Amino acid sequence: MAESVNVLVVGKDQVDQMAIRPQRAHDELERRVRERTAELERANQELRRRNAELDEFAYVASHDLQEPLRKLSAFSDLLARDLGPELPEQARRDLEFIKDAARRMQVLVQDLLALSRAGKNAMKRERVRLDACADRAMEMLSARVEEASAEITRDELPEVVGDPTMLTQLYQNLVGNSLKFVDPHRRPVIQLTAERVRGEWVLGVKDNGIGIKPEYAQQVFAPFKRLHGRDEYEGTGIGLAICRKTVERHGGRIWVESEPGRGAHFRFTLGDTMETESCEGITIRPTGS
Ligand SMILES: Nc1ncnc2c1ncn2[C@@H]1O[C@H](COP(=O)(O)OP(=O)(O)OP(=O)(O)O)[C@@H](O)[C@H]1O
Ligand SMILES: [Mg+2]
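Residues numbered from 1 in each chain as written. Chains lettered and ligands numbered in written order. Predicted model: local features only at pLDDT ≥ 70, side-chain atom pairs only at ≥ 80, totals over all residues. Heavy atoms only, no water.

1. Side note on the overall build of the protein
So, point 1. What the protein contains, in helices and strands, is six helices and seven strands.
So, point 2. Listing each helix as α and each strand as β along the protein from the N terminus yields α-α-β-α-α-β-β-α-β-β-α-β-β.
So, point 3. Each principal axis of the C-alpha atoms in the protein carries an extent, and together these give about 120 × 50 × 40 Å.
So, point 4. In the form shown here, the protein has an accessible surface area of approximately 18800 Å², with 53% of it arising from carbon and sulfur atoms.
So, point 5. In the protein, the 45 positive side-chain charges and the 49 negative ones have mean positions that sit 1 Å from each other. (Helix = DSSP H or I, 4+ residues; strand = E, 2+ residues; numbered from the N terminus. Areas by Shrake-Rupley, 256 points an atom, 1.4 Å probe, with all protein chains shown as cover. Lys, Arg positive; Asp, Glu negative; His and termini not counted. Charge placed at Lys NZ, Arg CZ, Asp CG, Glu CD.)

The following block contains the structure:
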């Protein structure tokens, strides 16, 4: 049986056309990528501008709120003194409530001020040994470590580019949380972790405390978000929001891996390649290597 053969006859013009088409598609694709990249850059700039505006607003608002709050507290004292023994017992108790509310609001306002400062203060970009930052943070927490009989271990921490004060505060906030949210049935064990993952350093603080439900893993980084009442654990819920600001200003990201009852591992990157003149050419390596 004869086999049938299909022959396609193609003219020279068509051959030329076929060669041109992939080139056009490639050019078109490149043009679109360029457009999208420019759009993204514009959106990023807009976001940065809005974030800066928000930090400025939070700074001014919290700064200006301090004075009326101080007055509220001071005049409550004056009122109690002016009325002296004539002040009825119930009114004295009411005044105490006013003073207590003013005190709590002062703490909130100060925390908001600290958060806005973390976003707007000038930031250093220098070679930093994370080990030195962790040492300083541990010094500041030493009384609490002793009180909790916590065991603290540390991976070999790298040298990075960043702001030493901000990075020290980052460790202080994270280890401080690990010392606070402890499981009452276990001795606290806290590890400062460092791992090289796909070419970047993933750092972290891991504990064996009460842990966090997965549905709250994002929310805990929002300002004033707390998962417990004031009577259970003290604090205002600003620590992790400051941590996020610090990490993002270093060009990194922060997240938590956790299971309730099995501890939490707060992890962060610091953006290995920070493109500023002062740090170009600096290589980031583990200390001691
Ligand atoms: N290591 C941890 N283990 C379990 N829960 C945690 C841990 N760290 C934080 N959390 C939860 O996330 C919430 C937010 O933490 P964050 O540090 O912002 O606030 P805080 O410690 O309550 O107060 P502040 O830091 O302002 O003193 C905490 O209230 C707690 O519910
Ligand atoms: Mg905290």
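2. Points about the environment of Leu-130
So, point 1. Looking at the element boundaries, Leu-130 is found in helix 3 (residues 130-140).
So, point 2. When the C-alpha atoms of Leu-130 and Leu-79 are compared, they prove to be 52 Å apart, with 51 residues separating the residues in sequence.
So, point 3. Contact partners of Leu-130, with chain neighbours within four places excluded, come to Leu-157, Pro-158, Val-160, Leu-167, Tyr-171, Leu-203 and Leu-270. (Contact = heavy atoms within 4.5 Å.)

3. Describing the packing of aromatic side chains
So, point 1. Taken as a whole and judged by the stated rule, the model has three aromatic pairs.
So, point 2. With a centroid separation of 4.9 Å and an interplanar angle of 55 degrees, the aromatic rings of Phe-181 and Tyr-233 are classed as tilted. Taken together, the residues Phe-181 in the loop between helix 5 (164-180) and strand 4 (189-197) and Tyr-233 in the loop between strand 5 (200-206) and helix 6 (239-249) connect sequence positions 52 residues apart.
So, point 3. Looking at Tyr-233, the relative accessible area reads 18%, which means it is buried.
So, point 4. Judged by centre distance (6.0 Å) and plane angle (75 degrees), the rings of Phe-221 and Phe-266 are edge-to-face. (Phe/Tyr/Trp six-rings, centres within 6.5 Å; stacked < 30°, edge-to-face > 60°. Buried < 20%, exposed > 50% of the residue type's maximum accessible area, 1.4 Å probe, protein only.)

4. Let's talk about unusual backbone geometry
So, point 1. At Arg-198, a residue that is not glycine, the phi angle is positive and equals roughly 40 degrees.
So, point 2. Taking relative accessible area as the criterion, Arg-198 reaches 83% and is therefore assigned exposed.
So, point 3. Phi at Phe-224 takes a positive value of approximately 70 degrees, unusual for a residue other than glycine.
So, point 4. Tracing the backbone shows Phe-224 in the loop between strand 5 and helix 6.

5. Describing the packing of helix 3 against helix 5
So, point 1. Relative to each other, helix 3 and helix 5 sit at 50 degrees, their axes nearing to 8 Å. The angle between helix 3 and helix 5 places the two elements in the oblique class. Handedness of the crossing formed by helix 3 with helix 5: right-handed. Side by side, helix 3 and helix 5 meet where Leu-130, Cys-133, Ala-134, Arg-136, Ala-137, Met-138 and Met-140 of the first sit next to Pro-164, Leu-167, Thr-168, Tyr-171, Gln-172 and Val-175 of the second.
So, point 2. Taken together, the residues that form the contact of helix 3 with helix 5 break down as ten nonpolar, two polar and one charged. (Axes fitted to C-alpha atoms, helices over the stretch in contact; angles between N-to-C directions. Parallel < 35°, antiparallel > 145°, perpendicular 65-115°, else oblique. Left-handed = near helix turned anticlockwise from the far one by under 90°. Nonpolar A, V, L, I, M, F, W, Y, C, P; charged D, E, K, R; others polar.)

6. Here we look at the domain arrangement of the protein
So, point 1. Under the domain assignment used here, the protein contains domain 1 (14-121) and domain 2 (126-279).
So, point 2. Between the C-alpha centres of domain 1 and domain 2 there is a distance of 22 Å.
So, point 3. Counting residues at the interface gives 13 residues for domain 1 and ten residues for domain 2.
So, point 4. Both sides together, the interface formed by domain 1 and domain 2 hides about 930 Å², and carbon and sulfur atoms give 65% of it.
So, point 5. On the domain 1 side of the contact with domain 2, Asp-111, Leu-115 and Ala-118 bury the most area, a combined 50% of that side's loss.
So, point 6. In this assembly, domain 1 and domain 2 are joined by one salt bridge.
So, point 7. The closest approach of N and O atoms between Asp-55 and Lys-245, which form a salt bridge, is 2.6 Å.
So, point 8. On the surface where domain 1 and domain 2 come into contact, there are five residue pairs in polar contact (both at pLDDT 80 or more).
So, point 9. A breakdown of the residues in the side of domain 1 that touches domain 2 according to their chemical character gives six nonpolar, two polar and five charged. (Domains from an automatic or database assignment. Buried area = accessible area lost by both parts, 1.4 Å probe. Salt bridge = Lys/Arg side-chain N within 4 Å of Asp/Glu carboxyl O. Polar contact = N/O pair within 3.5 Å; in protein donor to acceptor, adjacent residues only side chain to side chain.)

7. Topic: the site of ligand 1
So, point 1. Lining the immediate surroundings of ligand 1 are 19 residues, of which Asn-177, Lys-180, Asp-207, Arg-226 and Leu-240 lie closest.
So, point 2. In this structure, an oxygen atom belonging to ligand 1 sits 3.2 Å away from a main-chain N or O atom of Gly-239.
So, point 3. Considered on its own, ligand 1 offers 600 Å² of accessible surface; in the complex 93% of this is hidden by protein.
So, point 4. At the level of elements, helix 5 and helix 6 are the ones that each hand at least two residues to the shell around ligand 1.
So, point 5. Counted by class, the shell around ligand 1 contains eight nonpolar, seven polar and four charged residues. (Near = heavy atom within 4 Å.)

8. Quick word on helix 6
So, point 1. Of the residues making up helix 6, those classed as buried are Leu-240, Ala-241, Ile-242, Cys-243, Thr-246 and Val-247.
So, point 2. Where helix 6 is buried, its residues touch helix 2 (89-120), helix 5, strand 6 (254-258) and strand 7 (264-268).

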